[in-house]
Amino acid sequence: MSETPPRTEATDSSGRDERTTDTTVTADAQLPGLDDRAVAALAEVGRQWTSCMVDREAWDQALPVDPNLRYLDGEPAGGGFVRIRSATGQDDDLEATREGDEPDSGVGRLQAAVRRVLIGPPLRSTALAQQRMSKRLALPVLSPDAISSVAYGPEAMMAILVMAGSSELKLSLPIGAVLVVLMVSVGLGYRQVIRAYPHGGGSYIVASDSLSATWGLVAGAGLILDYILTVAVSVAAGVAAITSAIPAVSPATVPIGLAVIVVLVLGNLRGVRAAGALFAAPTYLFVAAIALVVIVGLVKSASHGFHVVAPVSHHATEALGLLLILRAFSSGATAMTGIEVISNAVSEFEPPQADNARSTLSVMVGLLVSMFIGVVVVAHFDGASPGSQTVLSQIAHRSIGSGPLYAFVQLATTLVLLIAANSAINGFPQLLYFMARDSYLPRTFLRLGDRLAFTAGIVVLAVPAAIIFAVFNGQTAPLIPLFAVGVFVAFTLAQTGMVAHWWNHRDADWSGAVAIIAAATKFIAGAWIVVILIPLIVLACRRIHGAYQRAHEALIPDPGEALVVPTAILAPPPPKAAATTPMGERQDAPTEVSHLVVVPIAELDLAALRALAYAASLSVPLLALHVSPSDKEAERFRGYWKAWGDHLPLEVVVSPYRATVAPLANYIEALHRQRPDLTLTVVVPELVPARRWQVLLHNRIAQRLRKMLIQYQGIIVTSVPFHLPA
């Protein structure tokens, strides 16, 4: 799949020395470039090259091909490339068309065709702004996780209280009131988060910036688990609604749930706006359904003087005590999950992004609070209690009967529970993006896919969620204990971070108490898994960060290293034959073997300079090649190239569809078509990690390029290894 590379193999490893709070998501935001120290070292290496290089024009004249791809037998030789003016207007670049961004093999074309059928044609990076959501669209896309929890949050609370007997269900009112205060508190807190961090980032960015990197990782780890469990729990609840209405399909619970996850993934891979259009209606239908049930239920209760109907008798299995009340409180608090999603996804809103996000968050919290209060109050007056039928189904029956309106409520509930996972699918990839940009996760999570969605993040969320759903056999109850801890850890750190941000004083709010209560009261029931996983995730992130930092230091150009500067006076051989005449007519090819070396480079780091020095030492015609995801990044690379000294010919290809390997392979093949008699050698800087697991942290450009070019006779792919420190 065409995806934005953070860098190609030569530079993908470089880490960042400092965390950033600039959380703007753009097509080339994952290319931080060289710092001042690296640029100064690069310039010094360039000055050393000056002493051993002949006139630059000699290298240009020695090229046996036309790097502009202007002619082949009198016809344009682009084959998927067009000539464009650079961002500054001083240089011309090549731009890869959709044809140039796709593999030239039969298998590659088949894969591209399948992608177009499943998720649509690729979008240019410039279309990113058109993928922004209005408030009306963002509300149903980002709020289902929070709003749908009304369907199971009150029932989870009542399921604990009923253990002390039916008479204790009356405690749902005071516990629910405390939860409402907490919802409003957390909602106001996240409004402040968006105000302070208007480009998004949520709990991870706030805790990292205002507290420390470690607390940021704890918040991020908690949210990672929360998002994964949100998908599993939401789909399980939605499938449970289906099997309740149609008991005959109960044996197919797991296949139905897995199919729903696949549909959600494909919908989101089509892009934010496409997913919004697909999933908007169920959210609004659910809001209308709850409003109908609550209003009718309250009117009926009022007509009976708000007389409380006695619930079905349940024998007490536990004595009422503080621990049971706290367990009911933490279970009911699952109705708050999803409030943080909007603060993570501010970049997906139309401008003004922060204002629109804050407004949408306020509407979402208002709906959540009113729906939660309505369900709890109506359930209290109707005497609803957990049993074979859900609490929401019971109050719907008693409010509107068993006719078409009841069917409408059940259908709306089922749909919103099934798509509640969509909120997590929007928030999770954004979180991984920010963590990867700080070098705490592999940089593959920085890539935008064909439809400008974070493909890797979406897939990585869906796989463990599907596994958890299947392992727990699609049952909601055993997942709830895992659900509460992670999200309230993130709530706590976000609010603590905001206190530190505004008043330079660290003090946790009630959400911290919820995290402690949830961990303590549900530890034996399964929360111990989350309590253990959070520090393990933090440890893994720190190991990844350390590997990137060591690679970053190792890749800074070293003027004192012999391998980055040729040792002899270098000059290319005189051209024996040009590719074409000015009229596009082919000249006679030489009888002896002729050579051309192409060096693909992403960033001018130490690995790239070694590859250039090696290629130049061969004293054959040489062309450096750079693929950029945008005009802006292409111009930045040209600046580094000029700082180095512009010693060798350079061609820049802009890849507006964010592919890397396919444009490289197609451009190299276009050069070879100009002169099939040439032996064309591709010299690729290749990182060699010290540990096997670190292979996951770097793109494997050399291997992928070799696989694509092996079908062409006369093209050789070789690599200059750069061994990273342990």
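Conventions used here
- Residues numbered from 1 in each chain as written.
- Predicted model: local features only at pLDDT ≥ 70, side-chain atom pairs only at ≥ 80, totals over all residues.
- Heavy atoms only, no water.
- pLDDT = per-residue confidence, 0-100.
- Contact = heavy atoms within 4.5 Å.
- Buried < 20%, exposed > 50% of the residue type's maximum accessible area, 1.4 Å probe, protein only.
- Helix = DSSP H or I, 4+ residues; strand = E, 2+ residues; numbered from the N terminus.
- Pairing = 2+ DSSP bridges.
- Right-handed = clockwise from strand over helix to strand, strands pointing away.
- Core = buried A, V, L, I, M, F, W, Y, C linked by side-chain atoms within 4.5 Å.
- Phe/Tyr/Trp six-rings, centres within 6.5 Å; stacked < 30°, edge-to-face > 60°.
- Axes fitted to C-alpha atoms, helices over the stretch in contact; angles between N-to-C directions.
- Parallel < 35°, antiparallel > 145°, perpendicular 65-115°, else oblique.
- Left-handed = near helix turned anticlockwise from the far one by under 90°.
- Polar contact = N/O pair within 3.5 Å; in protein donor to acceptor, adjacent residues only side chain to side chain.
- Salt bridge = Lys/Arg side-chain N within 4 Å of Asp/Glu carboxyl O.

**Quick notes on the confidence of the model for the protein**
- For the protein, per-residue confidence averages 81 on the pLDDT scale, and 81% of positions sit at 70 or higher.
- Below a pLDDT of 50 lies the segment residues 1-23, which in the model reaches 116 contacts outside its immediate sequence neighbourhood of four places, other chains included.
- Low pLDDT, under 50, characterises residues 72-77; the predicted model gives this stretch 17 contacts beyond four residues in sequence or across chains.

**Quick word on the pairing of strand S6 (residues 678-688)**
- Most of S6 sits out of view: nine of its eleven residues are buried.
- As paired strands, strand S3 (residues 594-600) and S6 are joined by five bridges and run parallel to one another. Considered in S6, the bridge of His-595 is made with Thr-679.
- Each parallel crossover has a hand, and for S6 linked through helix H25 (residues 701-709) to strand S7 (residues 715-723) it is right-handed.

**Description of the nonpolar core**
- In this structure, Leu-142 and Ile-339 are the most contacted members of the largest nonpolar core, which totals 136 residues.
- Residue contributions to this core peak at 17 residues, all from helix H9 (residues 213-245).
- Contacts of Leu-142, omitting those with residues within four sequence positions, involve Met-133, Val-341, Ile-342, Ala-345, Glu-348, Phe-349, Met-364, Ser-423 and Asn-426.
- Within the second largest apolar cluster, 43 residues are counted, among which are Val-45, Cys-52, Ala-634 and Phe-722.

**Here's the deal with the environment of His-307**
- Mapped onto the elements of the fold, His-307 is located in the loop between helix H11 (272-303) and helix H12 (322-332).
- His-307 gets classed as exposed once you look at its relative accessible area, which sits at 57%.
- Once residues within four sequence positions are removed from consideration, His-307 is found in contact with Ser-301 and Phe-381.

**Observations concerning the packing of aromatic side chains**
- Evaluated as defined, the whole model comprises seven aromatic pairs.
- Summarising the aromatic geometry, the rings of Tyr-227 and Phe-428 are spaced 6.2 Å apart at their centres and angled 90° between planes, so their arrangement reads as edge-to-face. You can see Tyr-227 sitting in helix H9 and its partner Phe-428 sitting in helix H17 (residues 421-437), a full 201 residues away along the chain. Like Phe-428, Tyr-227 is buried.
- An angle of 55° between the planes, with centres 4.8 Å apart, marks the rings of Trp-641 and Trp-644 as tilted.

**Structural notes on the packing of helix H8 (residues 202-210) against H9**
- Packing of H8 against H9 leaves a shortest axis separation of 6 Å and a crossing angle of 165°. As far as their axial angle goes, H9 and H8 are roughly antiparallel. As for how H8 packs across H9, the hand of that crossing is right-handed. Every residue of H9 that contacts H8 at Ser-203, Tyr-204, Ala-207 and Ser-208 is listed here: Ala-213, Trp-215, Gly-216, Leu-217, Ala-219, Gly-220 and Leu-223.

**So, the side chain of Ser-203**
- For Ser-203, the location among the structural elements is in helix H8.
- Within the structure, Ser-203 has its side chain in polar contact with the side chain of Tyr-190 (distance 2.7 Å).

**A word on the pattern of salt bridges**
- Inspection of the entire model under this criterion finds nine salt bridges.
- Note that Arg-47 and Glu-44 form a salt bridge whose closest N and O atoms lie 2.8 Å from each other. Taken together, the positions of Arg-47 and Glu-44, both in helix H1 (residues 36-50) and three residues apart, correspond to about one turn of that helix.
- Linking Asp-450 and Arg-115 is a salt bridge whose minimum nitrogen-to-oxygen distance equals 2.9 Å. Taken together, the positions of Asp-450 in the loop between H17 and helix H18 (455-471) and Arg-115 in helix H3 (residues 106-119) put the pair 335 residues apart, joining distant regions of the chain.

**A short note on the side chain of Ser-655**
- Within the fold, Ser-655 resides in the loop between strand S5 (650-654) and helix H24 (661-674).
- The class for Ser-655 is buried, based on a relative accessible area of 1%.

**Section: unusual backbone geometry**
- A cis geometry characterises the amide bond from Pro-351 onward to Pro-352, with omega recorded as -10°.
- Mapped onto the secondary structure, Pro-352 falls in the loop between helix H13 (341-344) and helix H14 (353-382).
- A positive phi angle, close to 55°, is found at Phe-306, a residue other than glycine.
- In this structure, Phe-306 sits in the loop between H11 and H12.
- The phi dihedral of Arg-658 is positive, around 70°, even though this residue is not glycine.
- Tracing the sequence through the fold places Arg-658 in the loop between S5 and H24.

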